[in-house]
Amino acid sequence: MRPPLDLSLYLVTDTRLCGERGVAVTVAAAVKGGVTAVQLRDPEADARTLCALGRSIQAELAGTGVPLIVNDRLDVAVWLGADGVHLGQRDGSPTTARRQLGPHAYVGLSVSRPEQLTHVPDAVDHLGVGPVFPQSTKPDADTPLGLDGLARIVRESPLPCVAIGGIGASEAAAVRASGAAGIAVVSAVCGQPDPETAARSLAHTLRPEVSA
């Protein structure tokens, strides 16, 4: 009922790292560079601020075919009519999210340990796996999995996995070689002076047919 989500280069926004350039402008540049999905994440923003930010991102994504996924906040995803939601292990029920967003939405779930694979509801489309490496954008993240831990979860998962956590241009190829469907990046794009060039470099590493 919904086309497969292209997880190959998944951008997770960071308002602080985007700085004066702003999140929406950063997203627009990153999509030009080859980003295939965008997740709106700002755990410090209230619902009103997050909805306004989401609207500005939707305006930039219009006509690109790149979906907007909202991190954690199902209420914001519903209000925006977003393309989906991504939930952590303690951020609410994927089944509830599916019911509220409907059959055409994408529902992602974070996984950081292999044993969590036994509790993935049918409502989930894909998994966000990590952190793979040490990172600084999510202070409460679990212990890094490393490439071996990532490969184990990817191997045992019944769903496509997008790897996240400390992944930059130098790690992208090895992460993709683990069998992950793609990589999710934050600082590797949001924290760069030229998000379009940064995204294009990553996209070329993951998909050589994309011009560097």
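Residues numbered from 1 in each chain as written. Predicted model: local features only at pLDDT ≥ 70, side-chain atom pairs only at ≥ 80, totals over all residues. Heavy atoms only, no water.

> Quick rundown of the nonpolar core? Include the residues and the values.
Formed by 57 residues in total, the largest nonpolar core has its most connected members in L9, V38, I57, L127 and I183. Here this core gets five residues from one element, more than from any other, and that element is helix 3 (residues 47–61). Leave out the neighbours within four places in its chain, and V38 touches L11, T13, V27, V31, I57, L61, V66, P67, L68 and I69. With 10 residues, the next largest nonpolar core counts L5, L7, I69 and V186 among its residues. (Core = buried A, V, L, I, M, F, W, Y, C linked by side-chain atoms within 4.5 Å. Buried < 20%, exposed > 50% of the residue type's maximum accessible area, 1.4 Å probe, protein only. Helix = DSSP H or I, 4+ residues; strand = E, 2+ residues; numbered from the N terminus. Contact = heavy atoms within 4.5 Å.)

> I'd like a description of the environment of A177, backed by residues and values.
Looking at where A177 falls in the secondary structure, it is placed in helix 7 (residues 169–177). Exposure remark for A177: the relative accessible area of 67% places this residue in the exposed category. Here the alpha-carbon distance between A177 and L147, two residues 30 residues apart in the chain, equals 9.4 Å.

> Tell me what's going on with the pattern of salt bridges, and back it up with residues and numbers.
As enumerated under the stated definition, the model contains six salt bridges in all. Here R73 ties to D75 by a salt bridge, and the two come within 2.9 Å at their closest N and O atoms. Judged by relative accessible area, which is 27%, R73 ranks as partly exposed. A relative accessible area of 43% means that D75 is categorised as partly exposed. D125 serves as the salt-bridge partner of R98, at 2.8 Å between the closest nitrogen and oxygen. Taken together, the positions of R98 in helix 5 (residues 94–101) and D125 in the loop between strand 5 (106–111) and strand 6 (126–129) put the pair 27 residues apart, joining distant regions of the chain. For the residue pair R98 and D125, the accessibility class agrees, reading buried in each case. (Salt bridge = Lys/Arg side-chain N within 4 Å of Asp/Glu carboxyl O.)

> Explain the packing of helix 2 (residues 23–33) against helix 9 (residues 195–206) residue by residue, including any values.
Two elements in contact, helix 2 and helix 9, have axes separated by 7 Å at closest approach and are oriented at 35°. Read as a crossing pair, helix 2 and helix 9 show a hand that is right-handed. Contacts from T26, A29, A30, K32 and G33 in helix 2 reach P195, E196, A199, R200 and A203 in helix 9. (Axes fitted to C-alpha atoms, helices over the stretch in contact; angles between N-to-C directions. Left-handed = near helix turned anticlockwise from the far one by under 90°.)

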